[in-house]
Amino acid sequence: MRASLAIGVSGVGSNMKALHAVAARGELGADLALVFADRPCPAVDWAAEQGIETAVVPGGADDTLAEALGAASIDLVVLAGYMRLVGPATLAAFEGRILNTHPSLLPAFPGSHAVRDALAHGVKVTGATLFVVDGGVDTGPIVAQTVVAVEDDYTVETLHERIKVAERQMLVDSVGRMVREGFTITDRKVRFGHE
Ligand code: GRF
């Protein structure tokens, strides 16, 4: 049976749209069953216009979110620009099955200003990281990373746009492999495929 995917958003939703495009072509190996947001935003409006089931859970209320994901029989949750920590009830119900994408090469520059912080630090390369959410802030086991060179004239905005191009490709490739091949997590090492 095909996996059911939920995507969490808070903003524009370009990562969500990239996943949706592949899923709609039947190439992801999963169905996009739910898009949820912690606030009204363009991404959740767009999903509703596409006829995708949506849920706005104000403030990302933990019990409400866990219930919405359970009611939709979700197998895997992808946080894609979801600007909120996931609470303990949701984490417990979906342990090892919540992914997040972050615009830096973790463990460098965790938190909500990763692109600004990396640029201010003067790094020559940065990128994006897909990881499995645990109880910390951007601390979970890493699934995939993609690298972007930082050019001298980049601003926070242009660097973030450049990162997002690489991030979308990483997300589509890695989430696709995870749902089609399965994955294991041992001693923080995430590997594709079944044991
Ligand atoms: C992404 O770079 C994500 O990693 C960060 O915010 C951005 C969201 O972009 N947390 P979008 O809403 O998917 O366009």
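Residues numbered from 1 in each chain as written. Predicted model: local features only at pLDDT ≥ 70, side-chain atom pairs only at ≥ 80, totals over all residues. Heavy atoms only, no water.

### Remarks on the nonpolar core
Here is step 1: With 45 residues, the main nonpolar core has Ile7, Val9, Val35, Leu99 and Val175 as its most contacted residues.
Here is step 2: If you tally residues by element for this core, the top one is helix 6 (residues 156-181), at 9 residues.
Here is step 3: With residues near it in sequence (within four places) discarded, valine 175 still touches Leu5, Leu19, Leu76, Val78, Leu99 and Leu130.
Here is step 4: Ranked by size, the runner-up nonpolar core spans 19 residues in total, among them Val86, Leu106, Phe131 and Val133. (Core = buried A, V, L, I, M, F, W, Y, C linked by side-chain atoms within 4.5 Å. Buried < 20%, exposed > 50% of the residue type's maximum accessible area, 1.4 Å probe, protein only. Helix = DSSP H or I, 4+ residues; strand = E, 2+ residues; numbered from the N terminus. Contact = heavy atoms within 4.5 Å.)

### What to know about the site of the ligand
Here is step 1: As a matter of local geometry, the ligand sits amid Val12, Gly13, Ser14, Asn15, Gly81, Met83, Thr101, His102, Pro103, His160, Lys164 and Glu167.
Here is step 2: Contact distances for the ligand include 2.8 Å between an oxygen atom and a backbone N or O atom of glycine 13.
Here is step 3: Between an oxygen atom of the ligand and a side-chain N or O atom of histidine 160, the distance comes to 2.7 Å.
Here is step 4: Calculation on the ligand without its partners gives an accessible area of 370 Å², and the protein chains cover 90% of this total. (Near = heavy atom within 4 Å. Polar contact = N/O pair within 3.5 Å; in protein donor to acceptor, adjacent residues only side chain to side chain. Areas by Shrake-Rupley, 256 points an atom, 1.4 Å probe, with all protein chains shown as cover.)

### Things to note about the sheet that holds strand 1 (residues 3-9)
Here is step 1: Spatial ordering of the open sheet is given by 3-2-1-4-5-6-7, a layout of 7 strands whose pairing is mixed. Only two strands of the sheet have a single partner each, and these edge strands are strand 3 (54-56) and strand 7 (142-149). Within the sheet, the average angular offset between the axes of one strand and its neighbour, ignoring direction, is 20°.
Here is step 2: With 4 bridges connecting them, strand 4 (residues 76-80) and strand 5 (residues 98-102) associate as parallel partners. (Pairing = 2+ DSSP bridges. Axes fitted to C-alpha atoms, helices over the stretch in contact; angles between N-to-C directions.)

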